[in-house]
Amino acid sequence: MSLTDLLRMSIGNLKRRKLRTFLTVLGVIIGTASIVVMISLGLGLQQSMYDELEQSGGLTMLTVTGQGAGESMYYYSDRDEEESTKYITDETIQDFAGVEHVTMAAPVYSMSAYALKGRYMTYLNVEATTPEALAAQNIPIKEGGSLPQSGGNKLEFVYGNGVIQQFYDKNTNEGYWETGELPDIDIEKDTLFLILDTEAYDQARYGYIDESGNAGKPRSAKKTLVQASGVVEGDPDTYTPFYYSAYCDITTLKSLLRKEFAGRVIPGQPSTKTGKPYNFFAYSSAKVKVDDLDNVEEVSQSLRSMGYNVQSNVEFLESMQRELVVVEAVLGGIGAVSLLVAAIGIANTMMMSIYERTKEIGVFKVLGCRLKNIRQMFLMEAGFIGLLGGIVGNILSFLLSAVINFLFAGAADSMGLGGGISYIPLWLSALSIGFAILVGMMAGYFPALRAMRLSPLEAIRNQ
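Residues numbered from 1 in each chain as written. Predicted model: local features only at pLDDT ≥ 70, side-chain atom pairs only at ≥ 80, totals over all residues. Heavy atoms only, no water.

Peer 1: Where do I start with the overall build of the protein chain in this structure?
Peer 2: Helix and strand content of the protein chain: 14 helices and 10 strands. Here the protein chain holds 463 residues, and the buried ones make up 46% of them. If you take every contact in the protein chain between residues at least 6 apart in sequence, the share linking residues at least 24 apart comes to 80%. Of the roughly 23,600 Å² that the protein chain leaves accessible, carbon and sulfur atoms contribute 57%. (Helix = DSSP H or I, 4+ residues; strand = E, 2+ residues; numbered from the N terminus. Buried < 20%, exposed > 50% of the residue type's maximum accessible area, 1.4 Å probe, protein only. Contact = heavy atoms within 4.5 Å. Areas by Shrake-Rupley, 256 points an atom, 1.4 Å probe, with all protein chains shown as cover.)

What follows is the structure, given as structure tokens:
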């Protein structure tokens with residue numbers, strides 16, 4: 001019996017029992033759609049993680065930290081590393097740049113400052129680095145904006161899209177989170193006052209008690225005029241990796257800090273035992289760009305041997321992938337229950353088909369049809385059920401994914417899932433169809449064996 005004959009007979013047998021075939025295929029459709037949609041939720045998280053890594057410089061960007069300076073941001077590492085005792089300075093940055101396979105080494109300084117506009121103020125998280133490092137972060141800036149200029153006396157910021165929500169009324173201490181209304185500030189166009197000496201500003205505003213217990217005379221806090229060179233794309237309710245911070249040129253910020261704190265220790269900077277400032281500027285961290293992914297581990301080891309802690313996006317990615325594999329396995333397992341039920345339905349359908357076609361099977365055997373052909377015919381029928389259910393199930397899963405992303409678009413934006421909660425790559429569709437076919441054929445295997453073992457004479461006598 002030729003393959004064409006087997007295909008024709010298998011399809012014909014399924015068509016003769018349309019209702020039973022439809023109900024069996026429906027079970028596979030539901031099972032396939034359940035698995036795909038469940039796994040797509042985990043893949044949505046994974047895709048969002050990839051996008052965020054790309055915005056932080058990709059897999060070849062390293063974050064190097066030394067002894068704390070400024071307001072060092074927490075960084076993730078799954079290594080058991082001791083805190084470095086070395087500061088990151090301009091000389092250190094030059095040493096980093098000289099390491100083989102390093103294409104960029106840039107200092108990063110993190111600090112807090114006050115931003116004022118009329119009756120509004122906010123506690124601003126400032127991230128300062130070089131223009132090259134800012135460009136490497138791929139910050140999505142609204143149309144008309146640009147990265148801050150370098151080398152001038154005027155400080156410019158790229159504000160995160162959530163900074164506007166952080167302003168509050170100085171008189172009432174109420175802001176967006178209390179009133180539900182954004183402050184009357186055009187952060188893209190308005191000039192703001194920046195307070196670098198936050199301690200002096202607080203002393204002038206609230207007063208303070210000196211060491212002798214008397215009311216002290218507060219220092220005057222200098223106000224620096226700053227403007228926006230750009231604002232991160234997205235409305236204030238859309239979370240991005242750049243949501244809370246304001247980004248500026250590090251050379252300009254250092255110049256302002258040295259003028260503001262001339263003769264005094266800049267907050268966050270190291271000092272001598274006598275309380276005097278050192279003649280170097282210590283940075284919070286450094287961004288190091290490697291020329292190729294294959295050289296990331298080698299460069300990381302070189303930097304660690306110099307006495308610094310290193311966080312690689314590759315390490316972060318591998319750690320997150322291990323966690324996401326567990327999440328995807330759990331979600332996929334939940335969906336697989338539906339496909340298991342569908343497999344039982346396929347097995348039941350094929351067994352019923354054998355009972356109804358017992359005489360037909362006996363005639364095939366008497367006419368000399370090989371046992372292999374009988375097995376192939378039943379396996380093809382089960383495989384067709386899996387194929388049809390897999391294809392339609394994938395179509396349904398794409399529709400469900402679109403509905404989920406539409407209904408939870410607001411929640412996805414607030415969590416930074418720009419690509420949506422559900423993400424279905426083509427390989428998942430192809431794999432799910434293949435898996436549905438495999439499940440169908442496995443479910444039809446034992447019924448096919450039963451058909452092969454039927455006695456020809458008993459089968460023909462069967463009424």
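Peer 1: Help me understand the side chain of D197, please; the structure alone is not making it clear to me.
Peer 2: Locating D197 in the fold gives a position in the loop between β6 (192-195) and α6 (198-206). You can call D197 buried: its relative accessible area is 1%. Engagement of the side chain of D197 in a polar contact is seen with the backbone nitrogen of A200, the distance being 3.2 Å. Not counting residues up to four positions away in its chain, the partners in contact with D197 are R219, A221, E260, F261 and R264. (Polar contact = N/O pair within 3.5 Å; in protein donor to acceptor, adjacent residues only side chain to side chain.)

Peer 1: How should I be thinking about unusual backbone geometry in this particular structure?
Peer 2: Most peptide bonds adopt trans geometry, and most residues besides glycine take a negative phi value. At N138, a residue that is not glycine, the phi angle is positive and equals roughly 55 degrees. Here the phi dihedral of N173 falls at roughly 60 degrees; this positive angle occurs in a residue that is not glycine. Relative to the elements of secondary structure, N173 occurs in the loop between β5 (168-169) and α5 (176-179).

Peer 1: What is the right way to look at the packing of aromatic side chains in this model?
Peer 2: When we look at a pair of aromatic rings, we describe it by the centre distance and by the angle of the planes. Under the defined criterion, the tally for this structure stands at 11 aromatic pairs. Members of the aromatic cluster, joined through ring pairs, are Y87, Y278 and F280. Stacked on the ring of F193, the Lys or Arg K223 has its end atom at 5.5 Å from the ring centre. (Phe/Tyr/Trp six-rings, centres within 6.5 Å; stacked < 30°, edge-to-face > 60°. Lys NZ or Arg CZ within 6 Å of the ring centre and 35° of its normal.)

Peer 1: How do you make sense of the pattern of salt bridges when you look at a structure like this?
Peer 2: Side-chain pairs of opposite charge can arise where the charged atoms are in close proximity. Tallied over the entire structure, the rule returns 4 salt bridges. Between E188 and K142 there is a salt bridge, and its shortest N-O distance comes to 3.9 Å. Of this pair, E188 sits in the loop between α5 and β6 while K142 sits in the loop between α4 (131-136) and β4 (156-159), and the two are 46 residues apart along the sequence. Judged by relative accessible area, E188 falls into the partly exposed class, the value being 39%. Among the residues examined, K142 registers a relative accessible area of 29% and is labelled partly exposed. D197 serves as the salt-bridge partner of R264, at 3.6 Å between the closest nitrogen and oxygen. Of the two residues, R264 is situated in the loop between α7 (250-260) and β9 (285-290) and D197 in the loop between β6 and α6; the sequence distance between them amounts to 67 residues. (Salt bridge = Lys/Arg side-chain N within 4 Å of Asp/Glu carboxyl O.)

Peer 1: Teacher, can you tell me more about the nonpolar core here?
Peer 2: Note on soluble globular proteins: their nonpolar side chains tend to be buried together. Counting residues in hydrophobic clusters, the biggest one holds 49 residues, and the most contacted among them are F96, F157, Y159 and L253. Examining the composition of this core, we find that 6 residues originate from one element, strand β2 (residues 102-117), more than from any other. In contact with F157, not counting residues within four places along its chain, are L124, V126, L194, V226, Q227, A228, S229, G230, A246, Y247 and C248. Counting 24 residues, the second-largest nonpolar core is a separate cluster that includes V28, I39, A342 and V439. (Core = buried A, V, L, I, M, F, W, Y, C linked by side-chain atoms within 4.5 Å.)

Peer 1: In this structure, what is going on with the confidence of the model for the protein chain? I would like to understand it.
Peer 2: Summary statistics for the protein chain give a mean pLDDT of 82 and a share of 82% for residues scoring 70 or more. Taken as a whole, residues 73-77 scores under 50 in pLDDT and shows 12 contacts with residues more than four places along the chain or in a different chain. (pLDDT = per-residue confidence, 0-100.)

Peer 1: Hey, could you run me through helix α3 (residues 90-97) in this one?
Peer 2: Because the α-helix completes a turn every 3.6 residues, residues three or four places apart line up on one side. Listed in full, the buried residues belonging to α3 are T92, I93 and F96. Take α3 and look down its axis: the buried residues cluster within an arc of 100 degrees, on one side only. Exposed side chains of α3 directed beyond 90 degrees from the buried face belong to E91 and Q94. Turning to α3, the residues buried within the fold contact β1 (61-65), β2, β9 and α8 (296-305). (Arc of directions from axis to C-beta.)

Peer 1: What's the story with a nonpolar patch on the surface in this structure? I'm lost.
Peer 2: The grouping of L388, I391, V392, I395, L396, L399 and L400 at the surface amounts to a nonpolar patch, some 570 Å² of accessible area in total. Note that L400 resides in helix α11 (residues 371-407). (Patch = residues over 30% accessible without salt bridge, like charges linked within 9 Å, V, L, I, M, F, W, Y side chains within 5 Å.)

Peer 1: Explanation requested: a negative patch on the surface in the structure shown.
Peer 2: A cluster of acidic residues, E100, D291, D292, D294 and E298, forms a negative patch at the surface. Within the secondary structure layout, D291 lies in the loop between β9 and α8. By relative accessible area, which is 42% here, D291 ends up partly exposed. (Lys, Arg positive; Asp, Glu negative; His and termini not counted. Charge placed at Lys NZ, Arg CZ, Asp CG, Glu CD.)

Peer 1: Would you mind showing me how to read the pairing of strand β7 (residues 223-231) here?
Peer 2: As a general feature of sheets, a regular strand has side chains that alternate between the two faces. Of the pairings in the sheet, the one linking β4 to β7 comprises 4 bridges and is parallel in character. Each residue of the ladder has a partner; that of Y159, found in β7, is V231. Strand direction decides the pairing type here: β6 and β7, joined by 4 bridges, are antiparallel. Considered in β7, the bridge of L194 is made with T224. (Pairing = 2+ DSSP bridges.)

Peer 1: Sorry, what's going on with the environment of I374 here?
Peer 2: Following the sequence through the fold, I374 ends up in helix α11. Sequence spacing of I374 and L449 is 75 residues, and the spatial spacing of their C-alpha atoms is 9.0 Å.

Peer 1: In this structure, what is going on with the side chain of S285? I would like to understand it.
Peer 2: Relative to the assigned elements, S285 resides in strand β9. Look at S285 and you get buried, because its relative accessible area is 10%. Excluding residues within four positions of it along the chain, S285 makes contact with T63, V64, T65, I88, A106, P107 and V108.

Peer 1: Would you mind going over the pairing of strand β10 (residues 309-312) with me for this structure?
Peer 2: Burial along β10 is two-sided: N309 and Q311 and V310 and S312, pointing in opposite directions, are all buried. Judged from the 4 bridges that link them, β1 and β10 form a sheet pairing that is antiparallel. By the bridge assignment, T63 is partnered in β10 with Q311.

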